[in-house]
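Spelled out from the first residue to the last, the chains are:
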Amino acid sequence: APDLKQIADRLKQEAIVVQPLSDDLVAGYSLINDIDGKPIFVLQANNSRLIYQQGLVSLRYLGITLSIGGALAGLVIWRLFQQSVHHLAERERIQQALQQETILRQADQKYREKAEELGRTLRELRQTQTQLIQNEKMSSLGQLVAGIAHEINNPVGFIAGNIDYAESY
């Protein structure tokens, strides 16, 4: 038979050749030699492919199991990824809030320093105003005393200047 010729060529190279005949049947071939070592016939053993079919079913179950496991693992990984993204966004939000708080604290400190400086300036202005008022009072008092002295000095000067003339009369 043509298939036996093909198998005979393979049997020259291999001791046993296994070949599936159909989905349900597998055949194994081996050369049987005589006493002189010359091949005298080909032994063919047919066996059902129940193990093969069970293997196919097992492979299908394995494929389905791996698919379901992969899908579940993908869902877990996706959920972890979402949590990571959420945590990163939350971390970014917290960092921005901290930066804003730092900026606000710096601005608050700056405004406190400005307020202290303005308070010092206001105290200095009040002190200067008080000194100016005191100086103005002293100046007014000086002018008043000068005016009184002038009013007293004029008649005294007139009298002193005319005493000689009064004595001579």
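Residues numbered from 1 in each chain as written. Predicted model: local features only at pLDDT ≥ 70, side-chain atom pairs only at ≥ 80, totals over all residues. Heavy atoms only, no water.

**Student:** Account for the overall build of the chain, with residues named and values stated.
**Tutor:** Broken down by element type, the chain carries 2 helices and 3 strands. Relative to the 2.2 N^0.38 estimate, which gives 15 Å for 169 residues, the radius of gyration of the chain is 62 Å and therefore markedly larger than a compact globule would have. In terms of overall dimensions, the chain has C-alpha extents of about 195 × 30 × 25 Å along its principal axes. Buried residues in the chain amount to 4% of all 169 residues. Intrachain contacts of the chain at a sequence separation of at least 6 include 17% that bridge at least 24 residues. Surface summary for the chain: the accessible area is close to 14,800 Å², and the carbon and sulfur share equals 61%. The positive charge centre, built from 17 side chains, and the negative charge centre, built from 19, are 11 Å apart in the chain. (Helix = DSSP H or I, 4+ residues; strand = E, 2+ residues; numbered from the N terminus. Rg over C-alpha atoms; globule rule 2.2 N^0.38 Å. Buried < 20%, exposed > 50% of the residue type's maximum accessible area, 1.4 Å probe, protein only. Contact = heavy atoms within 4.5 Å. Areas by Shrake-Rupley, 256 points an atom, 1.4 Å probe, with all protein chains shown as cover. Lys, Arg positive; Asp, Glu negative; His and termini not counted. Charge placed at Lys NZ, Arg CZ, Asp CG, Glu CD.)

**Student:** Explain the sheet that holds strand E1 (residues 16-20) to me, using residue names and the numbers behind them.
**Tutor:** Across the sheet, which stays open at both edges, the 3 strands sit in the order E1-E2-E3 with antiparallel pairing between neighbours. Two strands bound the open sheet, and with one partner strand each, they are E1 and strand E3 (39-48). In this sheet, neighbouring strand axes are inclined to one another by 20° on average, regardless of whether the strands run parallel or antiparallel. The pairing of E1 with strand E2 (residues 25-33) spans 5 bridges and is antiparallel. Across the sheet, Pro 20 pairs through a bridge with Val 26, a residue of E2. (Pairing = 2+ DSSP bridges. Axes fitted to C-alpha atoms, helices over the stretch in contact; angles between N-to-C directions.)

**Student:** Account for helix H2 (residues 50-168), with residues named and values stated.
**Tutor:** With 119 residues, H2 extends 172 Å from end C-alpha to end C-alpha; this agrees with the ideal 177 Å at 1.5 Å per step. Maximal helix bending in H2 amounts to about 45°, located at Asn 162. (Expected span 1.5 Å × (residues − 1). Bend = angle between axes of the 7 residues up to and from the residue.)

**Student:** Describe the pattern of salt bridges, naming the residues involved and giving the relevant values.
**Tutor:** Under the defined criterion, the tally for this structure stands at 3 salt bridges. Between Glu 90 and Arg 93 there is a salt bridge, with its nearest N and O atoms 2.5 Å apart. Of the two residues, Glu 90 and Arg 93 both sit in helix H2, 3 residues apart, roughly one turn of that helix. Note on Arg 93: relative accessible area 47%, which makes it partly exposed. Taking the shortest distance from any N to any O, the salt bridge between Arg 112 and Asp 108 comes out at 2.9 Å. Placement of the pair is Arg 112 and Asp 108 together in helix H2, with a separation of 4 residues, close to one helical turn. (Salt bridge = Lys/Arg side-chain N within 4 Å of Asp/Glu carboxyl O.)

**Student:** Explain the packing of aromatic side chains residue by residue, including any values.
**Tutor:** The final tally for this structure, using the stated rule, is 1 aromatic pair. With 5.8 Å between their ring centres and 35° between their planes, Trp 78 and Phe 81 make a pair best called tilted. Separated by 3 residues within a single helix, Trp 78 and Phe 81 lie in helix H2, roughly one turn from each other. (Phe/Tyr/Trp six-rings, centres within 6.5 Å; stacked < 30°, edge-to-face > 60°.)

**Student:** Requested: an account of the pairing of E2, with residues and values cited.
**Tutor:** The turn linking E1 back onto E2 is made up of 4 residues. In the sheet, E2 pairs with E3 via 9 bridges, with the strands oriented antiparallel. Bridge pairing in E3 links Val 26 to Asn 47. Joining the antiparallel neighbours E2 and E3 is a turn of 5 residues, in which Gly 37 adopts a positive phi near 85°.

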